[in-house]
Amino acid sequence: MISFPIDDRHRINASQLDVPPRLLLGPGPANVHPRVLAAMSLPTLGHLDPRYLELMDEIQTLLRYAWQTDNPMTISVSGTGSAAMEATLANAVEPGDVVLVGVMGYFGHRLVDMASRYGADVQKLTKPWGEVFSLDELRHGLETHRPAILALVHAETSTGARQPLEGVGELCREFNCLLLVDTVTSLGGVPLSLDTWGIDLAYSCSQKGLGCPPGLAPFSMSPRAWDKLQRRRSQVANWYLDMNLLSRYWGQERVYHHTASSNMNYGLREALRLVAEEGLESRWQRHQTNVEFLWQGLAELSLVCHVQEEFRLPTLTTVKVPEGIDSKAVARQLLTEYNIEIGLGLGELAGKVWRIGLMGYNSRRENIILLLEAIARILTKAKKG
Ligand SMILES: *Cc1c(COP(=O)(O)O)cnc(C)c1O
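Small disclaimer: the values here were computed from a predicted structure and weren't measured.

Rules used throughout
- Residues numbered from 1 in each chain as written.
- Predicted model: local features only at pLDDT ≥ 70, side-chain atom pairs only at ≥ 80, totals over all residues.
- Heavy atoms only, no water.
- Patch = residues over 30% accessible without salt bridge, like charges linked within 9 Å, V, L, I, M, F, W, Y side chains within 5 Å.
- Areas by Shrake-Rupley, 256 points an atom, 1.4 Å probe, with all protein chains shown as cover.
- Salt bridge = Lys/Arg side-chain N within 4 Å of Asp/Glu carboxyl O.
- Helix = DSSP H or I, 4+ residues; strand = E, 2+ residues; numbered from the N terminus.
- Phe/Tyr/Trp six-rings, centres within 6.5 Å; stacked < 30°, edge-to-face > 60°.
- Buried < 20%, exposed > 50% of the residue type's maximum accessible area, 1.4 Å probe, protein only.
- Lys NZ or Arg CZ within 6 Å of the ring centre and 35° of its normal.
- Near = heavy atom within 4 Å.
- Polar contact = N/O pair within 3.5 Å; in protein donor to acceptor, adjacent residues only side chain to side chain.
- Nonpolar A, V, L, I, M, F, W, Y, C, P; charged D, E, K, R; others polar.
- Pairing = 2+ DSSP bridges.
- Axes fitted to C-alpha atoms, helices over the stretch in contact; angles between N-to-C directions.
- Contact = heavy atoms within 4.5 Å.
- Arc of directions from axis to C-beta.
- Core = buried A, V, L, I, M, F, W, Y, C linked by side-chain atoms within 4.5 Å.
- Domains from an automatic or database assignment.

Some details on a nonpolar patch on the surface
Taken together, the side chains of Phe4, Ile6 and Ile12 present a nonpolar region at the surface, about 280 Å² in accessible area. Mapping Ile12 onto the fold places it in strand β2 (residues 11–13).

Comments concerning the packing of aromatic side chains
Inspection of the entire model under this criterion finds two aromatic pairs. Judged by centre distance (4.9 Å) and plane angle (80 degrees), the ring pair of Tyr106 and Phe107 falls under edge-to-face. The exposure class of Tyr106 is partly exposed, given its relative accessible area of 32%. On the basis of relative accessibility, which here comes to 15%, the residue Phe107 falls in the buried class. Across the ring face of Trp295, the terminal group of Arg312 is positioned such that the distance to the ring centre comes to 4.7 Å.

Thoughts on the site of the ligand
Taken together, 13 residues sit near the ligand, with Thr80, Ser82, Thr157, Asp182 and Lys208 positioned nearest. At 2.8 Å from an oxygen atom of the ligand is found a side-chain nitrogen or oxygen belonging to Gln207. Relative to its unbound accessible area of 380 Å², the ligand is 89% covered by the protein chains. Among the secondary structure elements, those contributing two or more residues to the shell around the ligand are α3 (81–92) and α4 (106–117). In terms of residue class, the shell around the ligand is built from four nonpolar, six polar and three charged.

Description of the sheet that holds strand β6 (residues 121–126)
Sheet architecture is open: seven strands sit in the order β4-β12-β11-β10-β7-β5-β6, paired in mixed fashion. If you trace the sheet from one side to the other, it starts and ends with β4 (73–78) and β6, each paired once. The sheet shows a mean angle of 20 degrees between the axes of neighbouring strands, direction not considered. In the sheet, strand β11 (residues 201–203) pairs with strand β12 (residues 216–221) via three bridges, with the strands oriented antiparallel. What sits directly across from Tyr203, in β12, is Phe219. Helix-sheet contacts for α3 involve β4, β7 (149–153), β10 (178–182), β11 and β12, and the interaxial angle to β11 is about 165 degrees. In the packing of helix α7 (residues 223–230) onto the sheet, the strands contacted are β4, β10, β11 and β12, and the crossing angle to β12 comes to about 85 degrees.

Some thoughts on helix α5 (residues 135–145)
Among the residues making up α5, those that are buried are Leu138, Gly141 and Leu142. Around the axis of α5, the buried residues are gathered within 95 degrees of arc, so they sit on the same side. Projecting away from the buried face of α5 at angles above 90 degrees are the exposed residues Asp136 and His140. Of the residues flanking the end of α5, it is Arg146, one or two places downstream, whose phi is positive at about 45 degrees.

Considering the nonpolar core
Membership of the largest hydrophobic core comes to 93 residues, with the highest contact counts inside it found for Val77, Leu111, Leu150, Ile199, Phe219 and Met243. Here this core spans two domains, and each of domain 1 (23–29 + 280–384) and domain 2 (34–276) adds at least three residues to it. Once residues within four sequence positions are removed from consideration, Val77 is found in contact with Ala83, Ala84, Gly215, Leu216, Ala217, Phe219, Leu241 and Met243. Val291, Cys305, Val330 and Ile368 belong to the second largest nonpolar core, which has 27 residues in total.

Have a look at this one:
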């Protein structure tokens, strides 16, 4: 390793960057498809270059396909999933609006935090971590709180639970409120259709079901949500994420807003092309078939899933840590001895579960076999003490 001083106060390690070959089977990021990495290494273009503008249109079309929506305002936000999460709230929430958030895990809490920063009167529906809301519970919540926005997490990555969304859009129309849904761990892996389900505001990220590096965040808003934005009495409090401004760059006018993350968007385009090539239905089926293979393998190791089968996610599985086993030590061993990353429990589930992600490019049978074999060896050794 070469290390040398740059000046009196700074030294640099000048060896070439090297990273370990990890298999990322945690809650994200997931491994990136080689075609995505290849696309990202193409020359950078200016954000108003005609070829780049074309590529933006292509991304919009591909994203609309992946999300099953016709929403004109469907774009990639520069930033991670949390940036687009913040964009939905920053644009839709006016100070004083009642926002009803379904909290059944860590990311529900993040929605509460963000909504309150934009001046919302936040009301919560809560569930133990690992459970989901029934349509009746949501109806009761809407009757009680009469919100302007109902916010739900489709795929709660902290618990592995999938919130059913059939019928929720109709309910929101009945109560004249917007439906905001976190699809960060569902887009590209879990059956999802914004238009069929009447979802008005949705966001996701590049690094989970889509198989890109982190750094971009898909965002979509329905004409209903756009109308609410146009009727605002106050300005959107966040300049960077203001969709009125961003729509002038993504739309016909092509007015500079901020410098586009061009190479990241090349990667996203390629990832979305892979989704379209595979076809949404087959992609969803692949995730489901593979996760069932994982569940079967876990059962053979006498490991138990935390979530009831009906509501389990195909992209993320929470597994109960057996009595007497140190969850952190097992995860550390998987990483150091097998180069496999999995996630630990968060919040209410800290120390109680592991989180195994099978997202996008990583949802493959051979990865599951590697993981199960490694877990079996580690647990056998641990039991022998
Ligand atoms: C990962 C995740 C986020 C946050 O996305 P970042 O890319 O980490 O900012 C939000 N919601 C859910 C459900 C997630 O899994």
